[in-house]
Amino acid sequence: MLDSFLQSSSILFLGYSTIGFVTVPNFLIPILGTLIGMFFGILPGVSGITAMALLIPFTFSWDLIPTILLFGSIYGGGTYCGSITAILVNIPGTAPNAATCLDGYPMARKGQAKTALGASASASAVGAAFGVFVLIAMLPVMRATVLAFGPAEFFMLAVLGLAVIAVVSEGNMIKGLAAGGIGLLLAFSGRDPVTGTLRFTFGTLYLHDGIRLIPLFLGIFAVTEMISLAASSRKTISGLERVEQLTGSLWEGVFSIFRHFGLFVRSSIMGTIIGMIPGIGGTVASFVAYGHAAQSAKDSGQFGKGDIRGVIAPEACNDAKDGGSLVPVLAFGIPGSEGAALVMVAMILHGLIPGQELMTKNLHLAFLLIWALFLSNQLTSIIGVMIINQVVRATVIRTQLLVPFIFVLAVIGAYAERKALGDVLLTFIFGTIGYLMKKNEYPRVSLVIALILGELFEVNFRQAMRLHEFGRLDFFDRPIFLALVALTLVSLLYPVYRAWRSKSGTDLHRHLAGKT
Amino acid sequence: MFHITGRTLFTFSALLFVALLLWISSGYPPRARQVPDVIGWFTLICLIIQLVLDGAPQLTAKLGVFRSDQLYPVDKQVREARATEQAQGRLEVIAFSWLLFLLVGLVLLGFLVFIPIYILCYLRFQAAHSWLRATVYAGATWLFVYLLFVRLFEIRLYTGMILERFLDL
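Residues numbered from 1 in each chain as written. Chains lettered and ligands numbered in written order. Predicted model: local features only at pLDDT ≥ 70, side-chain atom pairs only at ≥ 80, totals over all residues.

Each helix and strand in chain B was counted, giving 9 helices and 0 strands. The secondary structure elements of chain B, listed N-terminal to C-terminal, are α-α-α-α-α-α-α-α-α. A buried classification covers 31% of the 169 residues belonging to chain B. The long-range share in chain B, meaning contacts at least 24 apart out of those at least 6 apart in sequence, stands at 56%. (Helix = DSSP H or I, 4+ residues; strand = E, 2+ residues; numbered from the N terminus. Buried ≥ 20, exposed ≤ 12 C-beta atoms within 10 Å, placed from the backbone. Contact = placed C-beta atoms within 7 Å.)

Next comes the structure, spelled out in structure tokens:
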């Protein structure tokens, strides 16, 4: 493992990559990715996910190493910047930053905007480092675990991931399950991997290879968000007409995590663990951490009115989860969020398959991804703090200026992969579907991840069934499989049980309801 | 009483789509349709339940068990933030119209010709920029697309039906 780490470090700091006709040192690529992630992350409604979806088709001609570095750094680069608008204008840049609004915005209104931003920056950077270190520590365990997984376990893991995503994503559980089911059905289009039968092609040659992921991502993430922006009444991305002068003490905020070090560590641990569970994303993680901070504080009276702990906890948790979320991706090829899904797809499109192959033969590439994530999380906080006034100006970009450019990038991206106008049309179709899903509170993440996991789901299910038919596999003799079945049932039934027990909601729900 | 709203129509459309897929899969060999059938029927049942919940809100209120957002208030702030950006019908129609305009224009005129036209029209007529500013942005976009995608990434962009017919002649 040390060899792989040293190899990846050497590639990153001493290596070069050719992009088009330009040769760049590899260490510049995470900086580029960070800046891209920051720019998209600060814009409410547009996130690093949109950036990754737009960039996937344009990186086809790239080598694997710059692709890993770019996407890993975009993945980590946008998280802190989403807290900037959460603090300044009470609009989270990304959904996981929503918990930061609760105390970050009141702090800004009290004239402590810089303090809140400083606390967010340091909590993000150090929390992310925590998550990455845990990820590295988990690698030997992951390697051993992944080799113990067979078709039955992989199938059940896919089911668990889909079930958890369905339960915790927006809207209600039924909608989540339905969206996941539709995603799986779309995944089955094209040629059946076992029998070779063409399925759900509607008589068109275009669908013989199934639903293409690039048009799907571009439509669901980029086009949908731009339609939402275009259809909103906001003149600027944030709704503000101009940027106001920031007040407060930046460095007081930066060092605040050391004053509340216990809370910071607990939040980081929570984020890392939650990030490891497929399906549970940053939104859940950040609110869990916020709830813990509020409930564990001896003096919780200021929560919701501008308590810095209400910024530290969710931001540390949110960034620590990035490291944890790579555990299922690297070990099993199961993405737990849209961002992780896009990182994984970018790797797959360049021939790197997560899972056993990555953890055994290409561990140095896994370390490269971890490096990119770590660097981007640190850089985004450092750069964000240094140029905070300039970064904030991005929040007043005119909506009608951004929308047409993103549309143009999306259509070019859709076309670039196969030079097929059908991909452009599919992008529009998925953009429309994604917008309607968003409007009717059907979780897009369930559909996307189900579509990605569809082949894994079906192939492993059928392999497991065949092995069972031949008497080579006894499901009751596989403890990991049984544990995953139990976890799946718990994740589906627990919300029902809690709703049945609690008519008025959780303490946190009452706490939040009282604050608004 | 059953309420027909946008939500019920969307759910009903999804239900029809899944039913269509199930009907199509009935013609496949048994092994090929095994997994799609299981998933399809499960999804269909979920959508039927959701259709009932969407169309009968009084039932939804009673059956609180299905609302996970009451248990995990994680989306509360996000929903509130989104509520301030709630799309109005007219703005949606305009947004989709511009999207359709882009699609049709690309098919007819191709990327390099239509993209600057699109940017110019959008910025001038939708964003109410001046002709000069819209033209500058359109030109800059064309240059950006040409240098980045055509020259650097070496992507051959579609030239459009009209131009292709013209070149053939």
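That covers the picture; the talk isn't over yet.
Counting its secondary structure elements, chain A contains 24 helices and 4 strands. What you see for chain A is a C-alpha radius of gyration of 22 Å, in line with the 24 Å of a compact globule of 516 residues. Based on the C-alpha atoms only, the size of chain A along its principal axes is roughly 70 × 55 × 50 Å. Burial statistics for chain A: of 516 residues in total, 62% are counted as buried. Across chain A, contacts joining residues at least 24 apart in sequence account for 79% of those joining residues at least 6 apart. (Rg over C-alpha atoms; globule rule 2.2 N^0.38 Å.)

Now for the environment of A:V490. Structurally, A:V490 is set in helix α23 (residues 479-501). Between the C-alpha atoms of A:V490 and A:V164, which are 326 residues apart in sequence, the distance is 9.6 Å.

A separate point is helix α21 (residues 421-439) of chain A. Think of an α-helix as turning once every 3.6 residues; residues three or four places apart then point the same way. With 19 residues, α21(A) extends 27 Å from end C-alpha to end C-alpha; this agrees with the ideal 27 Å at 1.5 Å per step. All of the buried residues along α21(A) are A:D423, A:V424, A:L426, A:T427, A:F428, A:F430, A:G431, A:I433, A:G434, A:Y435, A:M437 and A:K438. The inward-facing, buried residues of α21(A) contact α9 (173-187), α10 (213-230), α20 (399-416) and α22 (444-469) of chain A together with α6 (89-109) of chain B. Note on α21(A): the residue one or two positions beyond its end, A:E441, has a positive phi of about 60 degrees. (Expected span 1.5 Å × (residues − 1).)

A:L342 and A:L368 are the most contacted members of the largest nonpolar core, which has 209 residues in total. Here this core gathers at least three residues from each of two domains, domain 1 (6-83) and domain 2 (89-168) of chain B. Those residues in contact with A:L342 that lie beyond four places of it in its chain are A:I49, A:M52, A:A53, A:I56, A:F71 and A:F217. (Core = buried A, V, L, I, M, F, W, Y, C linked by C-beta atoms within 7 Å. Domains from an automatic or database assignment.)

Looking now at the packing of α10(A) against α21(A). Residue and element names in this part refer to chain A. Packing of α10 against α21 leaves a shortest axis separation of 7 Å and a crossing angle of 55 degrees. Looking at the two axes, α10 sits oblique to α21. Both α10 and α21 take part in a crossing whose hand is right-handed. Contacts from I214, P215, L216, L218, G219, I220, V223, T224, I227 and S228 of α10 reach α21 at D423, L426, T427, F428, I429, F430, G431, G434, Y435 and K438. Grouping the amino acids of the contact of α10 with α21 by side-chain chemistry returns 12 nonpolar, 6 polar and 2 charged. (Axes fitted to C-alpha atoms, helices over the stretch in contact; angles between N-to-C directions. Parallel < 35°, antiparallel > 145°, perpendicular 65-115°, else oblique. Left-handed = near helix turned anticlockwise from the far one by under 90°. Nonpolar A, V, L, I, M, F, W, Y, C, P; charged D, E, K, R; others polar.)

All right, on to the confidence of the model for chain B then. Residues and elements named next belong to chain B. Put simply, chain B has an average pLDDT of 83, and 81% of its residues get 70 or more. This stretch, residues 64-74, has a pLDDT under 50; its non-local contacts, to residues over four places away or in other chains, come to 30 contacts. At the level of chain-chain contacts, confidence expressed as ipTM amounts to 0.85, with global pTM at 0.76. (pLDDT = per-residue confidence, 0-100.)

Turning our eyes to something else, we now look at the confidence of the model for chain A. Per-residue pLDDT for chain A averages 82, and the proportion of residues at 70 or more is 91%. A low-confidence stretch, residues 506-516 of chain A stays under pLDDT 50, and its non-local contacts, those more than four residues away or across chains, total 12 contacts.

Moving on, we get to the environment of A:V146. Residue and element names in this part refer to chain A. With respect to the helices and strands, the residue V146 is situated in helix α7 (residues 113-147). In this structure, the C-alpha to C-alpha distance between V146 and A331, residues 185 residues apart in sequence, is 6.0 Å. The contact partners of V146, leaving out residues within four places of it in the chain, are A331, F332, G355, Q356 and M359.

Here α9(A) is 15 residues long and its end C-alpha atoms lie 21 Å apart, about the 21 Å a rise of 1.5 Å per residue gives. Judged by how many residues are buried, α9(A) sits mostly within the fold: 15 of 15 residues are covered.

What follows deals with unusual backbone geometry. For residues that are not glycine, phi is negative in most cases, and the peptide bond is trans in most cases. Residue and element names in this part refer to chain A. Despite not being glycine, F200 has its phi angle at roughly 50 degrees, a positive value. For F200, the position within the fold is in the loop between β4 (198-199) and α10. The phi angle at K419 is positive, at roughly 55 degrees, despite the residue not being glycine. As for its placement among the helices and strands, K419 is situated in the loop between α20 and α21. Owing to 11 C-beta atoms within 10 Å, K419 belongs among the exposed residues under this scheme.

All names here are of chain B. Mapped onto the fold, T11 is located in helix α1 (residues 6-25). A residue is classified by how many C-beta atoms lie within 10 Å of it, and T11, with 26 of them, is buried. Placed 106 residues apart in sequence, T11 and I117 show a C-alpha to C-alpha distance of 37 Å. Each residue touching T11, except ones within four places of it in the same chain, is listed here: L47, Q50, L51 and D54.

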